[in-house]
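Single-letter residue listing:
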Amino acid sequence: MRPPRSPVHGNLTAGRGDWGDVAPASPPHRRSGAALRNRPPPVTTVLNREFNSVTAENAMKWDALEPSRNSYNWAAADRLVNHAAAHNQGVRGHTLVWHYQNPSWPANGNFSASELNTILRKHIDTALGRYKGKIYAWDVVNEAFNEDGSMRNSLWQGKLGSGYVANALRWGHAADPSPKLYINDYNIEADNAKSDGLYNLARQLLAQGVPLHGIGFQAHFVVGRLPSSMKANLKRFSDLGLEVSITELDVRIPMPASSAELAQQSTDYKTATENCLGVPRCAGVTVWGITDKYSWVPGTFSGYGAALPYNGSYGAKPAYQGLSDGLNPQA
Ligand code: 9MR
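The rules we used
- Residues numbered from 1 in each chain as written.
- Predicted model: local features only at pLDDT ≥ 70, side-chain atom pairs only at ≥ 80, totals over all residues.
- Heavy atoms only, no water.
- Helix = DSSP H or I, 4+ residues; strand = E, 2+ residues; numbered from the N terminus.
- 1 Å grid on protein atoms, 1.4 Å probe; cavity = no way out; pocket = protein on both sides within 12 Å on 5 of 7 lines; lining within 4 Å.
- Points joined across faces, edges and corners; volume = space filled by probe spheres on them.
- Nonpolar A, V, L, I, M, F, W, Y, C, P; charged D, E, K, R; others polar.
- Near = heavy atom within 4 Å.
- Polar contact = N/O pair within 3.5 Å; in protein donor to acceptor, adjacent residues only side chain to side chain.
- Areas by Shrake-Rupley, 256 points an atom, 1.4 Å probe, with all protein chains shown as cover.
- pLDDT = per-residue confidence, 0-100.
- Contact = heavy atoms within 4.5 Å.
- Expected span 1.5 Å × (residues − 1).
- Buried < 20%, exposed > 50% of the residue type's maximum accessible area, 1.4 Å probe, protein only.
- Phe/Tyr/Trp six-rings, centres within 6.5 Å; stacked < 30°, edge-to-face > 60°.
- Disulfide = S-S within 2.5 Å.
- Salt bridge = Lys/Arg side-chain N within 4 Å of Asp/Glu carboxyl O.

J.: With reference to specific residues and values, describe unusual backbone geometry.
T.: Residues histidine 94 and threonine 95 are joined by a peptide bond in cis, for which omega reads 0 degrees. Mapped onto the fold, threonine 95 is located in strand 3 (residues 90–97). Following methionine 255, the chain continues to proline 256 via a peptide bond in cis, the omega torsion being 0 degrees. When you line up the elements, proline 256 lands in the loop between strand 8 (243–254) and helix 10 (259–277). One non-glycine residue with positive phi stands out, namely glutamate 143, at about 55 degrees. Phi is positive for alanine 219, close to 65 degrees, though the residue is something other than glycine. Positionally, alanine 219 belongs in the loop between strand 6 (214–217) and strand 7 (220–222).

J.: Please set out the layout of surface pockets residue by residue, giving values where relevant.
T.: Computed from the structure, the largest pocket encloses a volume of approximately 640 Å³. Forming the walls of the largest pocket are 28 residues, and the residues nearest its centre are Glu143, Tyr186, Gln218, His220 and Trp296. Broken down by secondary-structure element, the contributors of at least two residues to the lining of the largest pocket are strand 7 and strand 8. Residue contributions to the lining of the largest pocket peak at three residues, all from strand 7. The class makeup of the residues in the lining of the largest pocket is eleven nonpolar, nine polar and eight charged.

J.: So what's going on with the site of the ligand? Which residues, and what values?
T.: Taken together, the neighbourhood of the ligand is formed by 15 residues, with Glu57, Lys61, His94, Glu143 and Glu248 sitting nearest. Histidine 94 places a side-chain nitrogen or oxygen 2.7 Å from an oxygen atom of the ligand. Contact distances for the ligand include 3.3 Å between an oxygen atom and a side-chain N or O atom of glutamine 101. About the coverage of the ligand: the protein hides 82% of its 450 Å² of free accessible area.

J.: For the confidence of the model for the protein, give the residues involved together with the corresponding values.
T.: For the protein, per-residue confidence averages 92 on the pLDDT scale, and 92% of positions sit at 70 or higher. Confidence drops under pLDDT 50 across residues 1–9; counting only partners more than four residues distant or on other chains, this segment forms 18 contacts. With pLDDT under 50 throughout, residues 14–28 is counted as low confidence; its partners more than four residues away or in other chains account for 45 contacts.

J.: Please give an account of helix 8 (residues 193–207) that cites residues and values.
T.: Counting along an α-helix, one turn takes 3.6 residues, and residues three or four places apart therefore face a common direction. The terminal C-alpha atoms of helix 8, which comprises 15 residues, lie 21 Å apart, in line with the 21 Å expected from a rise of 1.5 Å per residue. Looking at helix 8, one finds that the buried residues are Lys194, Ser195, Gly197, Leu198, Tyr199, Leu201, Ala202 and Leu205. Tucked into the core, helix 8 has its buried residues touching helix 7 (163–175), strand 5 (180–185), strand 6 and helix 9 (230–238). Measuring from the side-chain oxygen of the N-cap residue of helix 8 to the backbone nitrogen of lysine 194 gives 3.1 Å; that N-cap residue is asparagine 192.

J.: Go over the packing of aromatic side chains with me, naming the residues and quoting the values.
T.: Following the criterion strictly, the structure yields nine aromatic pairs and no others. With a centroid separation of 5.9 Å and an interplanar angle of 85 degrees, the aromatic rings of tryptophan 62 and tryptophan 105 are classed as edge-to-face. Note that tryptophan 62 is positioned in helix 2 (residues 62–65) and tryptophan 105 in helix 4 (residues 105–108), a separation of 43 residues in sequence. Across the pair, exposure class does not vary: tryptophan 62 and tryptophan 105 are buried alike. Judged by centre distance (5.4 Å) and plane angle (75 degrees), the ring pair of tryptophan 296 and phenylalanine 301 falls under edge-to-face.

J.: Before we move on, could you go through the state of the cysteines and cite the residues and values that matter?
T.: Following the criterion strictly, the structure yields one disulfide and no others. Bridging cysteine 276 to cysteine 282, the disulfide has an S-S length of 2.2 Å. Classification of the bridge connecting cysteine 276 and cysteine 282 rests on its S-S torsion, roughly 105 degrees, and on that basis the disulfide is right-handed. Judged by its relative accessible area of 0%, cysteine 276 falls in the buried class.

J.: I'd like to hear about the pattern of salt bridges, residue by residue, with values.
T.: When the charged atoms of two side chains lie near each other, side chains of opposite charge can form a pair. A complete count under the given rule lists 13 salt bridges for this structure. Between arginine 92 and aspartate 139 there is a salt bridge, and its shortest N-O distance comes to 3.0 Å. Of the two residues, arginine 92 is situated in strand 3 and aspartate 139 in strand 4 (residues 137–142); the sequence distance between them amounts to 47 residues. Between aspartate 191 and arginine 236 there is a salt bridge, with its nearest N and O atoms 3.5 Å apart.

Structure representation (structure tokens):
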């Protein structure tokens with residue numbers, strides 16, 4: 001039984017971590033989460049009231065943790081992990097191996113493949129080790145694919161070959177066996193060439209016994225343009241025995257947003273959430289921020305904004321209700 005909730009507030013966390021009644025065969029600890037960048041009191045108030053999971057929007061990226069070699073900066077990540085522990089929230093770790101937001105020293109050091117392997121393993125060991133037992137899922141490998149389904153030519157792919165993915169997962173599992181280890185990417189929500197590439201890699205990794213536990217579907221959408229194949233696509237990954245999670249949901253709108261677009265956005269939040277919850281191994285839905293005040297969208301997509309469930313004054317938008325309805329199907 002879920003605890004009673006007010007009709008307006010606190011609806012995003014279905015039973016604070018136990019959504020066992022939402023779908024058959026669902027994982028016992030489904031999460032609804034938010035990624036945070038700035039954490040002034042209004043943000044944490046909403047976080048604590050509405051969500052039971054939190055992701056560091058930037059604070060656990062390599063450039064934030066180890067800007068120069070062997071010189072670590074844990075303060076922001078520690079704050080987030082401590083806040084989560086004090087408020088009964090789970091933490092999704094984001095992210096260990098990526099082509100972007102790395103410090104410059106691994107690329108500029110002219111390291112051999114063997115040295116780079118050692119550097120990457122140390123990074124993984126150090127981050128997982130510091131938060132051992134405190135993080136329930138890690139995006140170990142982020143955005144490893146091109147749109148055509150081939151592997152992206154990053155520093156890791158270029159110097160280490162595609163085996164870096166399996167190695168990163170194995171090293172992660174050895175450093176802390178408790179978190180679910182994920183591959184996370186964007187534009188893989190539809191059944192398309194990119195998700196096919198990832199699907200084939202996931203199958204190979206599982207056949208080789210590599211500790212891959214989940215696929216993160218970032219889900220950065222444009223209003224009214226959710227892919228119709230999303231649920232079937234998530235299901236094919238779930239059918240491999242993998243968890244699936246929406247890890248970075250937002251729905252951007254051309255500005256200024258009309259009331260019709262805000263209504264469509266609400267439908268999109270609901271549909272995206274249902275597309276995950278309707279799949280047996282959906283482990284949770286995370287939105288990439290709480291308020292439009294601190295969204296990455298306007299800085300990246302010129303002319304777009306209003307992508308999140310709360311407006312810049314922390315008022316719940318129609319999208320809040322859509323997300324809530326998606327999370328609470330029988331409400
Ligand atoms: O939201 C993040 C933004 O603040 C950073 O400047 C940006 C740098 O790349 O990363 C953003 O988060 C990204 C995430 O880590 C991976 N998926 C895409 C997200 C939006 O760019």
